[in-house]
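# Topology and contacts: notes
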Amino acid sequence: GPKEVRFVCTPGSKKSIGTIGNMSLALRAFATMPLFPSKNVSIVQEAELVIESTNATEISFEEIRSTILTFRDFLTVATGLHISVQSIAGFTDSNKEEFDGKTFHPEVVIHDRGFETDGFQEASTRPNFMNFTFNELAGNSDTILKNWFQASEKFKDVFNVYFSTLAVPNLNLRNKFIGIISAIEGLMRISDPSLRTERSLATIITALQDLIKQYGILFASNEIELLVNTRDKFAHIELTDPTRKPLDDYQLYDATAKLCAMLEIAVLCDLGFDAQTLTNIAQRKIAEAKR
């Protein structure tokens, strides 16, 4: 095998990915590895989201916070892993120091209870395991990001339920199932005016599956019935009819993964991906959910 491997990279290079309102968004990536030789060399990629004002005016922390959380949700969908914010640092004209005749702006460390890092766990992934990478935005990242931020506002309550459910790694699977079902109901009622007053969960899940069926079918009609029965059981609705069987415990994990894939594909459909890229992303998510 090879005796030596060399990596050539540009550390800290900044890649612009779009603008949201009066803010420009860019990514700055770093690769780190041990300084001294070792048998197993672990190379870790770190990334920073860089948010800057486009008109030289101060950006409020609430705007920054909302932007970070919305972008975090976007990365969660892209990677298939929950993303944690490790730290936030700000730079502002109101915080400056003079040294040797020059003006410097030291970073301001921002503490916010909404970004808890104590339980942060690193996870490994590779591009072929991700739902999509920034290369697949095909030069259209600005439009896609703007559409994502608009969707985040339109489906605010849906996104809050969905991503807060994903953010709890040890959440009871039954509670996760109920949370995802609730998010799907909200998404479809907001998206389709004909479903605004629809009470039948079977009708809502069928409508969602019809929306993405060109990419693949995840549930047969009898399986949708099992989903409804399971939701009713977990919501303490008495299943008086003995023929109404819920999902077995071993089926529940797979069903929840499939529901997540359906919801995410439905949201991605309106972001501006080109047709082939969207097909690749959707089929990748469906294949992963069926594993």
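For the structure itself, consult the block above.
The sections below set out a description of the structure shown in this document. (Residues numbered from 1 in each chain as written. Predicted model: local features only at pLDDT ≥ 70, side-chain atom pairs only at ≥ 80, totals over all residues. Heavy atoms only, no water.)

### Focus: the overall build of the protein
Within the protein, the regular secondary structure consists of eight helices and seven strands. Across the 291 residues that make up the protein, the buried fraction comes to 36%. Considering only intrachain contacts with a sequence separation of at least 6, the fraction spanning at least 24 residues in the protein is 56%. (Helix = DSSP H or I, 4+ residues; strand = E, 2+ residues; numbered from the N terminus. Buried < 20%, exposed > 50% of the residue type's maximum accessible area, 1.4 Å probe, protein only. Contact = heavy atoms within 4.5 Å.)

### Focus on the sheet that holds strand β2 (residues 23–32)
In spatial order, the strands read β1-β2-β3; together these three strands make up an open sheet with antiparallel pairing. Strands at the two margins of the open sheet, each flanked by one partner only, are β1 (14–20) and β3 (44–53). With direction set aside, neighbouring strand axes in the sheet form an average angle of 25 degrees. Bridging between β2 and β3 involves ten bridges; their strand directions are antiparallel. Within the sheet, the bridge partner assigned to L27 lies in β3 and is L49. Across the sheet, helix α1 (residues 61–79) touches β1, β2 and β3, and the angle it forms with β2 is around 55 degrees. Those strands touched by helix α2 (residues 141–154) are β1 and β2, and its axis lies near 45 degrees from that of β1. (Pairing = 2+ DSSP bridges. Axes fitted to C-alpha atoms, helices over the stretch in contact; angles between N-to-C directions.)

### Describing the nonpolar core
F132, W148 and F273 are the most contacted members of the largest nonpolar core, which has 70 residues in total. In terms of residue count, the dominant contributor to this core is helix α7 (residues 249–268) (eleven residues). If near-sequence neighbours (up to four positions away) are discounted, F273 is found in contact with F132, E136, L137, I144, L268, L278 and I281. (Core = buried A, V, L, I, M, F, W, Y, C linked by side-chain atoms within 4.5 Å.)

### Details of the pattern of salt bridges
For side chains bearing opposite charge, pairing can occur when the charged atoms are close. A complete count under the given rule lists eleven salt bridges for this structure. For K146, the salt bridge goes to D142, with nearest N and O atoms at 3.1 Å. Of this pair, K146 and D142 both sit in helix α2, separated by four residues, roughly a single helical turn. Residue class for K146 comes out partly exposed when judged on its relative accessible area of 35%. (Salt bridge = Lys/Arg side-chain N within 4 Å of Asp/Glu carboxyl O.)

### Digging into unusual backbone geometry
Phi at D100 is positive, roughly 55 degrees, even though this residue is not glycine. Here D100 is to be found in the loop between β5 (97–99) and β6 (102–104). The class of D100 is exposed, set by a relative accessible area of 67%.

### Comments concerning the pairing of β2
Across six bridges, the pairing between β1 and β2 is antiparallel. Pairing of I20 across the sheet is with M23, part of β2. Between β1 and β2, which pair antiparallel in sequence order, lie two residues; one of them, G21, sits at a positive phi of approximately 60 degrees.

### Quick look at the side chain of T79
By the secondary structure assignment, T79 is in helix α1. When sequence neighbours within four positions are dropped, the list of residues in contact with T79 reads F129, M130 and N131.

### Let's talk about the packing of aromatic side chains
Inspection of every chain in the model, using the stated rule, returns eleven aromatic pairs. Taking the centre distance of 6.3 Å and the plane angle of 20 degrees together, the rings of F155 and F159 count as stacked. Residue class for F155 comes out buried when judged on its relative accessible area of 8%. Between F177 and F234 the ring centres are 5.9 Å apart and the planes differ by 90 degrees, which places this aromatic pair in the edge-to-face class. One end of the pair, F177, is in helix α4 (residues 173–191); the other, F234, is in helix α6 (residues 221–234), and 57 residues separate them in sequence. Judged by its relative accessible area of 0%, F177 falls in the buried class. (Phe/Tyr/Trp six-rings, centres within 6.5 Å; stacked < 30°, edge-to-face > 60°.)

### Looking at the side chain of E185
Its location among the elements puts E185 in helix α4. Relative accessible area serves as the criterion here: at 13%, E185 is assigned to the buried category. What E185 contacts, discounting residues up to four positions off in sequence, is L201, I204 and R231.

### Quick look at the packing of helix α5 (residues 201–212) against α6
Between α5 and α6, the shortest axis-to-axis distance is 9 Å and the interhelical angle comes to 135 degrees. Relative to α6, α5 is oriented oblique. Every pair of crossing elements has a handedness; the one defined by α5 and α6 is right-handed. Counted together, L201, A202, I205, T206 and Q209 of α5 and I224, L227, V228 and R231 of α6 form the full contact between these two elements. For the contact of α5 with α6, the per-class residue count stands at six nonpolar, two polar and one charged. (Parallel < 35°, antiparallel > 145°, perpendicular 65-115°, else oblique. Left-handed = near helix turned anticlockwise from the far one by under 90°. Nonpolar A, V, L, I, M, F, W, Y, C, P; charged D, E, K, R; others polar.)

Function cannot be read off these values alone, since they describe shape.
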